[in-house]
Amino acid sequence: AVVGPTGSGKTTLIAQMATKFIQRHSPQEIGLITSDYYSVYGRDQLSIYGSILDIPVHRVNSAADLKQALDHLQGKRLI
């Protein structure tokens, strides 16, 4: 989990980590989950990174959403 104040670089850090992981492994082995519903920019930016890197990005808003996302990403090396 990456947590921090607005503008601290969380989304950029996640994109960098995902890119490095993909360079060593493959896009099929990673998935992203976001619970950011306060920053539209951060949520949309992460979805754009996911599209560029060809990895799934799940948006969650509740514990049930999180469970469903984790079930869908089961077997991934990195979430």
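Residues numbered from 1 in each chain as written. Predicted model: local features only at pLDDT ≥ 70, side-chain atom pairs only at ≥ 80, totals over all residues. Heavy atoms only, no water.

## Looking at unusual backbone geometry
The condition that has to hold: Every helix listed is a DSSP run of H or I at least four residues long, and every strand listed is a run of E at least two residues long, numbered separately from the N terminus.
In the Ramachandran plot, D54 falls in the positive-phi region, its phi being about 60° despite a non-glycine side chain. If you trace the backbone, D54 turns up in the loop between α2 (40-53) and β2 (57-59).

## Examining helix α1 (residues 10-24)
Let me state the cut-off plainly: Working rule for helices: expected span equals 1.5 Å times residues minus one. Each residue's exposure class comes from its accessible area (1.4 Å probe, protein chains only) as a fraction of the maximum for that residue type: buried when under 20%, exposed when over 50%, partly exposed otherwise. It is the directions from the helix axis to the C-beta atoms that the arc portrays.
Between its first and last C-alpha, α1 extends 22 Å over 15 residues, near the 21 Å set by a 1.5 Å rise per residue. Listed as buried for α1 are T11, A15, A18, F21 and I22. Looking down the long axis of α1, one finds its buried residues gathered within 130° of arc, a one-sided arrangement. Looking at α1, the residues exposed on the side facing more than 90 degrees away from the buried face are K20, Q23 and R24.

## Here's the deal with the side chain of T34
Stated precisely, the cut-off is as follows: Residue contacts are counted whenever heavy atoms from the two residues lie within 4.5 Å of one another.
For T34, the position within the fold is in strand β1 (residues 32-34). For T34, a relative accessible area of 7% translates into the label buried. Apart from residues lying up to four places away in sequence, T34 is in contact with R43, L46, V57, H58, R59 and V60.

## Quick look at a nonpolar patch on the surface
Note the threshold: Residues enter patches when they are more than 30% accessible in relative terms and free of salt bridges; like-charged ones are connected within 9 Å and nonpolar ones (Val, Leu, Ile, Met, Phe, Trp, Tyr) within 5 Å. Accessible surface area values rest on a Shrake-Rupley calculation with a 1.4 Å probe, where residue burial reflects the displayed protein chains alone. Salt-bridge detection follows one rule: a side-chain nitrogen of Lys or Arg within 4 Å of a carboxyl oxygen of Asp or Glu.
Together, V2, L13 and M17 make up an exposed nonpolar region whose accessible area comes to about 230 Å². Its location among the elements puts V2 in the segment before α1.

## Some points on the environment of L70
Looking at the element boundaries, L70 is found in helix α3 (residues 63-72). A relative accessible area of 38% means that L70 is categorised as partly exposed. Expressed as a C-alpha distance, the spacing of L70 and V3, which sit 67 residues apart in the sequence, is 19 Å. Here L70 is in contact with I33 and I79, once residues within four sequence places are set aside.

## Quick word on the nonpolar core
To keep things clear, this is the line we draw: Residues belong to a common nonpolar core when they are buried Ala, Val, Leu, Ile, Met, Phe, Trp, Tyr or Cys residues joined through side-chain atoms within 4.5 Å.
Grouped together as the largest cluster of nonpolar side chains are 8 residues: A18, F21, I22, I30, L32, L46, L53 and I55. In terms of residue count, α1 provides more of this core than any other element does, 3 residues in total.

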